[in-house]
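# Summary of the model geometry
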Amino acid sequence: MEKQLKEEKVFKDPVHNYIHVQDEIIWSLINTHEFQRLRRIRQLGTSYLTFHGAEHSRFSHSLGVYEITRRIISQFERAEYPDWPEEERMVALCAALLHDLGHGPFSHSIEQAFQMNHEDWTCKIVLGDTEVAAVLRRLGEDFPEKVASVIRKTYEKAIVVNLVSSPLDADRMDYLLRDAYFTGVEYGTIDMDRILRMLRPYQGRIVVKESGMHAVEDYLMSRYQMYWQVYFHPVTRSSEIILRQIFRRAKELFDTGHSFRFLPNPLPGLFQRELTVQEYLLLDEALVQTAFMQWRLESDELLGQLCSRFLDRKLYKYVEVESLDMETIDDIRHAFEAAGLHPDYDLEIDFPTDLPYDVFRPDSESTEKQILLLDKHERLVEISEISDIVRSISGLHRGKYHLYFPYEKVMAVLDRLPESIASIFIQK
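Small disclaimer: the values here were computed from a predicted structure and weren't measured.

## Some thoughts on the sheet that holds strand E5 (residues 317-321)
- Ordered by their spatial adjacency, 3 strands build an open sheet running E5-E9-E6, and the pairing between neighbours is antiparallel. Two strands bound the open sheet, and with one partner strand each, they are E5 and strand E6 (348-350). Going from strand to strand, the sheet's axes swing by 25° on average, the running direction of each strand aside.

Structure follows, in structure tokens:
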């Protein structure tokens, strides 16, 4: 039974102005131990080292996704669209609020370092012995599984999944607006009100009224620019590389029986990849950065140097290379090793398409990854079929190879590198 709060709760929000909470279940979920932990997880990982304002949290983003979803559902209900299943309201709202519950410290960086998936952890938290699960079970014993299946994208009502996970979903709209606001860039500013007014539930999924095409074009262009100017920023990539190297080196030391001066629970379980849900919930950025502050004093010089680099923002420099084959990579690594450098830690080769963000692709075989427009004759058409702008930014394979390296160390041995290799690292 859905219960309403006696008095609506509101959060003042810099992006949406106000976030409205009317349901007792939503208010209870926000106040759980697991959801409050998201205050201690930054939304943009290490991007604060590039854009100093990017200190916003997964907590504020999750509230924003909930608010956008609430507004969409309220609009559907007011218009009494027959294709919107009203009984799914609470499933959609809870999934929107909890969709990022399983993010760890520094988000995607820690996932790459330890082969984890935040959606898997979100589902474990939703289904486990947690305060969140206890709140969800107030709506039925099977309700946590319903929410988890939305997050897994396997829920029987695809229209509910569309709200939280699709090319034009509440998640993406909030992070574009929120990330643009806190990084200070202009690329992510979109006409969200116009987009929301043009959304329609139709034949089991969310579509866009054709007259809203220009607002969606603006959204996709903003998204494209945000990826290349913010999410793929090479300085942020440098900080992520050092972060992953810290985790890699610490795990190497742990695996060889190194005696750490500071190794609080649950870091041993993280290194062994044997974390329980309760141990995982102990992981936040405060704990990880405290460990880094202690590890900079470790007897292992490499780990100490990496931690100092990260904490003091002494990031790796980078050079851009148009193309790079495996033979050249091997030559660089061998030259580094011969010069006394560590090719696994003093060199990292990065290409932006390796990142965990998915630029919109209209030629995807799955219609779930496409944005469909509904014309005045109630026919569906994929947006790139009639939009020159969308066609122009879709399918592009932008990005150059970036070679990251500790500048002072490489410059110190530059005369020991073959001229062909040295010339790569002294680009003007």
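## What about the sheet that holds strand E7 (residues 372-374)?
- Overall, mixed pairing links the 4 strands, which are arranged E3-E4-E7-E8 in an open sheet. The open sheet has two edge strands with one neighbour each: strand E3 (199-202) and strand E8 (380-382). On average, each strand axis in the sheet is tilted by 45° relative to the strand beside it, whichever way the strands run.
- In the sheet, E3 pairs with strand E4 (residues 205-209) via 4 bridges, with the strands oriented antiparallel. In the sheet register, Tyr202 faces E4, and the bridge partner there is Arg205.

## Observations concerning the nonpolar core
- Grouped together as the largest cluster of nonpolar side chains are 121 residues, with contacts concentrated most on Ile26, Leu29, Leu98, Tyr219 and Trp295.
- No other element matches the 11 residues that helix H12 (residues 213-231) contributes to this core.
- Dropping the residues within four chain positions of it, Leu98 is found in contact with Leu29, Phe35, Thr122, Val126, Val132, Leu136, Val147 and Ile151.

## With respect to the pattern of salt bridges
- According to the stated counting rule, one finds 29 salt bridges in the structure shown.
- In this structure, Arg40 and Asp284 form a salt bridge, with 2.6 Å as the shortest nitrogen-oxygen distance. With Arg40 in the loop between helix H2 (33-36) and helix H3 (58-79) and Asp284 in the loop between helix H15 (277-280) and helix H16 (285-295), this pair connects stretches of sequence that are 244 residues apart.
- Of the charged contacts in the structure, one is a salt bridge between Asp300 and Arg249, with a shortest N-O distance of 2.8 Å. Remark: Arg249 occurs in helix H13 (residues 234-255) and Asp300 occurs in the loop between H16 and helix H17 (301-312); sequence separation between them is 51 residues. Each member of the pair Asp300 and Arg249 is classed as buried.
- Linked through salt bridges whose partners overlap, the residues forming this network are Asp13, Asp174 and Arg178.

## Points about the UniProt feature "domain: HD" (unreviewed entry) in the chain
- As annotated by UniProt and renumbered to match this structure, "domain: HD" (unreviewed entry) occupies residues 58-176.
- Along residues 58-176 the backbone is 66% helical and 0% strand, and the end-to-end C-alpha distance reaches 13 Å.

## Re unusual backbone geometry
- In this chain, Asn265 is followed by Pro266 through a cis amide linkage whose omega measures 15°.
- With respect to the helices, strands and loops of the structure, Pro266 is situated in the loop between H13 and helix H14 (267-272).
- Phi angles above zero are rare outside glycine, and Ser107 is one such case at about 45°.
- Looking at where Ser107 falls in the secondary structure, it is placed in the loop between helix H4 (89-98) and helix H5 (108-114).
- Of the residues examined, Ser107 reaches a relative accessible area of 2% and is grouped as buried.
- Of note, Arg273 is a non-glycine position whose phi angle comes to about 55°, a positive value.
- Following the sequence through the fold, Arg273 ends up in the loop between H14 and H15.

## A look at the packing of aromatic side chains
- Tallying each qualifying case throughout the model produces 23 aromatic pairs.
- Their ring planes at 0° and their centres at 4.1 Å tell us that Trp121 and Tyr280 sit as a pair that is stacked. Of this pair, Trp121 sits in helix H6 (residues 118-127) while Tyr280 sits in helix H15, and the two are 159 residues apart along the sequence. Across this residue pair, the class does not change: Trp121 and Tyr280 are buried.

Rules and cut-offs
- Along each chain, the written sequence defines residue order, and numbers are assigned to residues from 1.
- Local features in this predicted model are restricted to residues whose pLDDT is 70 or higher, and side-chain atom pairs enter the listing and the counts only when it is 80 or higher, whereas totals over whole chains, interfaces and linings include all residues.
- Values shown for side chains rest on all heavy atoms present in the structure; no hydrogens or waters enter the calculation.
- DSSP-based pairing: two strands are paired if at least 2 bridges between them are found.
- Helix and strand definitions here come from DSSP, where helices need a minimum of 4 consecutive H or I residues and strands a minimum of 2 consecutive E residues; each element is numbered from the N-terminal end.
- Here an angle of 0 to 180 degrees is reported between the N-to-C directions of two axes, which are lines fitted to C-alpha atoms, with helices fitted over the stretch in contact.
- Joining through side-chain atoms within 4.5 Å is the link that ties buried Ala, Val, Leu, Ile, Met, Phe, Trp, Tyr and Cys residues into a set, and such a set is a nonpolar core.
- Per-residue accessibility, obtained with a 1.4 Å probe over protein chains only, is compared with the maximum for each type, and a residue is labelled buried under 20%, exposed over 50%, and partly exposed between these values.
- Only heavy atoms matter for contacts: two residues are in contact if any of them lie within 4.5 Å across the pair.
- One speaks of a salt bridge when a side-chain nitrogen belonging to Lys or Arg is within 4 Å of a carboxyl oxygen belonging to Asp or Glu.
- UniProt positions are given in the numbering used here, feature names are shortened, and annotations may be inferred rather than shown by experiment.
- What counts as a ring pair is set by centres within 6.5 Å for rings of Phe, Tyr and Trp (its six-membered ring), and what kind of pair is set by the plane angle: stacked under 30 degrees, edge-to-face over 60, tilted for all other angles.

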